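As a plain string of letters, each chain reads:
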Amino acid sequence: MVKVVIIGGGFGGVTSALNLIKHKNIDVTLFNKSEGFLFTPLIADVISGKLKKRDIIFDIKKNLGSKIKAINKEVDKVDFQKKKIYYDSSNIEYDYIIIAIGAKENYFGIDGAKENCLKLKTVYDTNDIQIRIQEALVDDKNENSFVVVGAGATGIELAVEIKDRIDYYKKKTKQKSNLKVLIIDGNDKILGPINNDKIRSIVMKKLLKKNIDIKFNSRVTKITKNYVEINGNEKIITDNVFWAAGVKPNTILTEPEIVDKSGHFQVNEYLKIKGIENAYSIGDCASFIQEDKPLPDFAQVAVKQAKIVSYNIINEIKNKNLKKFHYNSEGFILSMGNTAVAEVKGIIISGKLAWIMHKIVYSIKRIGLKNQIRTFIKLIF
Ligand SMILES: Cc1cc2nc3c(=O)[nH]c(=O)nc-3n(C[C@H](O)[C@H](O)[C@H](O)COP(=O)(O)OP(=O)(O)OC[C@H]3O[C@@H](n4cnc5c(N)ncnc54)[C@H](O)[C@@H]3O)c2cc1C
């Protein structure tokens, strides 16, 4: 049996495992340190209460079946020379390794950002956000308005979910609330990695219609408990700041140390870690350069890479040619509460139809597929 060890039970790791077990001579061990497989595209819906936590988090051991040895532990170190990984005062050897450890928030060293911001990265973060919204609604004053840092897809979805929750509460209690939601961004446009101005303009109109303000060219320079400082001289008074302004790869010790300055594993056209034998890396922790640019941190990228990596490992074992990876986007869907914007094969859809698409594509419950990671991933990608 050929031993493949996968580190990371997110989109990249789980998809790789599911593809590799189709080959009968491969023994797959998958390590994951967090609470389970988290379906991030729907995490914002948990804030507004449209979905429950259990709808978007899956126990890997229960769901992947007995062919995959799933270990809920953090890997401490990988020794590429000895082909060994170390965890929990134990170690195991591998023939091939896939590193798919994902990413965490990047605060870019901004004074007070880590200490004073709420983030949206794990399912537990949704609790903190819900509590904060509830507190602000009860003690309704301007200082409690909400500032979301980052006008990317996550920042926009988060701002919309917060605003929807405030509006819902106002309607229910007939309370006149002064609470505002503001998005700030250092750039001069929303949705940086999306190469489509028409989508940008539709999303902007929807944000303004929802009374969500946006402040561009506003570089955050400091965050305290009571204010956000922008461009070194302007203060926005708020007790509630949410960080959605960027991520950096999770870290893991390796021998030799191999990550680049930004913490990514640089991979070649076959997704092999440059300079290391029998080692691959995919998803948010890998840097794959296409047309002179790194690929965006999307689940879609990780899943497509996982399929090529599995194919390449199987072919390496059979001494066959490897496949080069090339990313072609399947499109884009942004949920905005009770509406959405989507782009599929160049066609832009907005409003209720896009919202229905988002729900059909992403909602497990409505189409009766409970806790089935495999089906879920297949359905979407
Ligand atoms: C709020 C939010 C919304 C998003 N929405 C979308 C969206 O709508 N569409 C989209 O395409 N993308 C979306 N993304 C991005 C998407 O989630 C990532 O691009 C995707 O998860 C990357 O997959 P991955 O396999 O590289 O990492 P992940 O899915 O993050 O998985 C990495 C896993 O590795 C584990 N791990 C880390 N270190 C270790 C270790 N040392 N040992 C063992 N396990 C370890 C982690 O616990 C984690 O489970 C969103 C992200 C967020 C935060």
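Residues numbered from 1 in each chain as written. Predicted model: local features only at pLDDT ≥ 70, side-chain atom pairs only at ≥ 80, totals over all residues.

It is worth spelling out the overall build of the protein chain at this point. Scanning the protein chain for helices and strands turns up 10 helices and 28 strands. Relative to its length of 381 residues, the protein chain is compact, with a C-alpha radius of gyration of 22 Å against a globular reference of 21 Å. For the C-alpha atoms alone, the extent of the protein chain along its principal axes is close to 65 × 45 × 40 Å. Across the 381 residues in the protein chain, those meeting the buried criterion constitute 40%. Sequence separation of at least 24 residues holds for 64% of the intrachain contacts in the protein chain that already meet a minimum separation of 6. (Helix = DSSP H or I, 4+ residues; strand = E, 2+ residues; numbered from the N terminus. Rg over C-alpha atoms; globule rule 2.2 N^0.38 Å. Buried ≥ 20, exposed ≤ 12 C-beta atoms within 10 Å, placed from the backbone. Contact = placed C-beta atoms within 7 Å.)

Contacts to the ligand come from 32 residues, most closely from G8, G10, G12, G102 and G283. Of all the secondary structure elements, the ones that give two or more residues to the shell around the ligand are α1 (11-20) and α8 (299-317). Residue composition of the shell around the ligand, by class: 14 nonpolar, 13 polar and five charged. The residue makeup of the shell around the ligand includes at least three contributed by each of domain 1 (2-33 + 73-105 + 247-329) and domain 2 (107-245 + 330-381). (Near = placed C-beta within 6 Å. Nonpolar A, V, L, I, M, F, W, Y, C, P; charged D, E, K, R; others polar. Domains from an automatic or database assignment.)

This part covers the pairing of strand β18 (residues 240-243). Across the two faces of β18 the burial is the same, with N240 and F242 and V241 and W243 all buried. Relative to β18, strand β11 (residues 117-119) runs parallel, the two sharing three bridges. From the neighbouring strand, K119 faces β18, where its bridge partner is W243. Where strand β12 (residues 146-149) lies against β18, four bridges are found, and the strand directions are parallel. Looking across to β18, one finds that F146 is bridged to N240. (Pairing = 2+ DSSP bridges.)

The strand order across the open sheet built from four strands is β8-β7-β6-β20, with neighbouring strands paired in mixed fashion. On the outer flanks of this sheet lie β8 (90-93) and β20 (253-255), each paired with one strand and no other. Strand-to-strand, the axes of this sheet are offset by a mean angle of 15 degrees, without reference to chain direction. By the bridge criterion, four bridges tie strand β7 (residues 84-87) to β8 in an arrangement that is antiparallel. (Axes fitted to C-alpha atoms, helices over the stretch in contact; angles between N-to-C directions.)

Let us now look at the sheet that holds β11. Spatially, five strands are ordered β11-β18-β12-β13-β14 in an open sheet, and the strand pairing comes out parallel. Each edge of the open sheet carries a strand with a single partner, namely β11 and β14 (212-215). Strand-to-strand twist across the sheet, computed as the mean angle between neighbouring axes with direction ignored, equals 30 degrees. Relative to strand β13 (residues 181-184), β12 runs parallel, the two being bridged by four bridges. Bridge pairing links F146 to V181 in β13.

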